[in-house]
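Now for the letters of each chain:
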Amino acid sequence: KRRRLQVFRHLTGSFTGSGVAAPSGSVHVSDGTRSCLAALSGANGAATGSCQIAEPNAGSLTVSASFVGDSNFLSSSHSTSLTVGKAKSSTTLALSKASITFGTQKAEVFTIKTTTTAGGAPFGTVGIYQGTTKVCSATLFLGKAHCSPKAGQLKRGSHVLYAYFSGDKNHLSSASKTATLKIT
């Protein structure tokens, strides 16, 4: 699923009011790579139309709308700059076990999932942290990653951990809820 860009181009005649013709036909909308046609409908000298263009990446772009004209209205066009923002992400952390024995830390597997409602799988590095100390890190593959602490890295006691995704070119950063790992 991709983010959708919707552009509205409002065309009006010189004289609006009851019985005045409205622009007819369609408006061609383009971002320079992708395009769509917005079918016009209206009355009393005004018409509107809409269409959608799926923008796969965040960033700045120029969108143009062109009306070829009809028997009552001359052609017109307009361009505008838009910025498609980064999509929100959501990160979760799962522990393979909630409690382990000291010395077996390498057997603990942290599973990290990072998702987005805007579509596309986030990519990049995710880290597991205790406070500001990085316990381990991994590279996301299709929104998932796994890592384990080094042997002896976490001492006996309770460790409150969280996963942090630093974001990528299309997705904002996010942190998981905390999970507690007990080492006895």
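The written sequence of each chain sets the order in which its residues are numbered from 1. In keeping with the predicted nature of the model, local features appear solely for residues at pLDDT of at least 70, side-chain atom pairs appear and are counted solely at 80 or more, and the whole-chain, interface and lining totals rest on all residues. To get the side-chain values, all heavy atoms of the structure are used, and hydrogens and water are removed first.

Participant: Which residues make up the sheet that holds strand β4 (residues 35-39), and what are the values?
Facilitator: A sheet is described by the order of its strands in space; here four strands give the open sequence β4-β3-β8-β9, paired in antiparallel fashion. Each end of this open sheet is capped by a strand with a single partner; those strands are β4 and β9 (76-84). This sheet shows a mean twist of 20° between the axes of neighbouring strands, independent of strand direction. Being paired, for any two strands, means DSSP has found at least two bridges between them. Each helix is a run of DSSP H or I of at least 4 residues and each strand a run of E of at least 2, with the numbering of both proceeding from the N terminus. Of the pairings in the sheet, the one linking strand β3 (residues 26-30) to β4 comprises five bridges and is antiparallel in character. By the bridge assignment for β4, V27 is matched with A38. To get an axis, fit a line to the C-alpha atoms, keeping to the stretch in contact for a helix; angles then go from 0 to 180 degrees between the N-to-C directions.

Participant: Outline the pattern of salt bridges, supporting the account with residue identities and numerical values.
Facilitator: Here, a salt bridge means any Lys or Arg side-chain nitrogen found within 4 Å of an Asp or Glu carboxyl oxygen. Per the stated rule, a full pass over the model turns up two salt bridges. One salt bridge connects D31 with R34, and the closest N-O pair in it is separated by 3.2 Å. Partly exposed residues are those whose accessible area sits between 20% and 50% of the maximum for their type, while under 20% is buried and over 50% is exposed, using a 1.4 Å probe and protein chains only. Owing to a relative accessible area of 12%, D31 belongs among the buried residues under this scheme. R34 is the partner of E55 in a salt bridge, and the nearest nitrogen-oxygen pair spans 3.0 Å. Of this pair, E55 sits in strand β7 (residues 52-55) while R34 sits in the loop between β3 and β4, and the two are 21 residues apart along the sequence. For E55, a relative accessible area of 4% corresponds to the buried category. The partly exposed category is assigned to R34, whose relative accessible area is 29%. Linked through salt bridges whose partners overlap, the residues forming this network are D31, R34 and E55.

Participant: Go over the packing of aromatic side chains, please, and point to the residues and values.
Facilitator: Under the pairing criterion, centres of Phe, Tyr and Trp rings, with the six-membered ring standing for Trp, must be within 6.5 Å; the plane angle then separates stacked pairs below 30 degrees from edge-to-face pairs above 60, leaving the rest tilted. A complete count under the given rule lists one aromatic pair for this structure. Geometrically, the ring pair formed by Y129 and Y162 is stacked, given 5.7 Å between the ring centres and 20° between the ring planes. Here the residue Y129 occupies a position in strand β13 (residues 124-130), and Y162 occupies one in strand β16 (residues 157-165), the gap between them amounting to 33 residues. Residue classification places Y129 among the buried residues on the basis of a relative accessible area of 17%. Owing to a relative accessible area of 23%, Y162 belongs among the partly exposed residues under this scheme.

Participant: Before we move on, can you summarise the state of the cysteines with the specific residues and values?
Facilitator: Working definition: the covalent bond between the sulfur atoms of two cysteines is a disulfide. Disulfides are defined as pairs of cysteine sulfur atoms found within 2.5 Å of each other. The tally for this structure, following the rule as stated, stands at two disulfides. One disulfide in the model links C36 with C51; its S-S distance is 1.9 Å. Residues C36 and C51 are joined by a disulfide whose S-S torsion is about 55°; by sign, that bridge is right-handed. Of this pair, C36 sits in strand β4 while C51 sits in the loop between β6 (46-48) and β7, placing them 15 residues apart in sequence. Note on accessibility: C36 and C51 belong to one class, buried. A sulfur-sulfur separation of 2.1 Å characterises the disulfide bridge that pairs C136 with C147. The chirality of the disulfide connecting C136 with C147 is right-handed, given an S-S dihedral of about 50°. Of the two residues, C136 sits in strand β14 (residues 133-140) while C147 sits in strand β15 (residues 144-147), which places them 11 residues apart along the sequence. The burial state of C136 is the same as that of C147; both residues are buried. The connectivity of the disulfide bonds within the protein can be written as 1-2, 3-4, using the sequence rank of each bonded cysteine.

Structural measurements only, silent on function.
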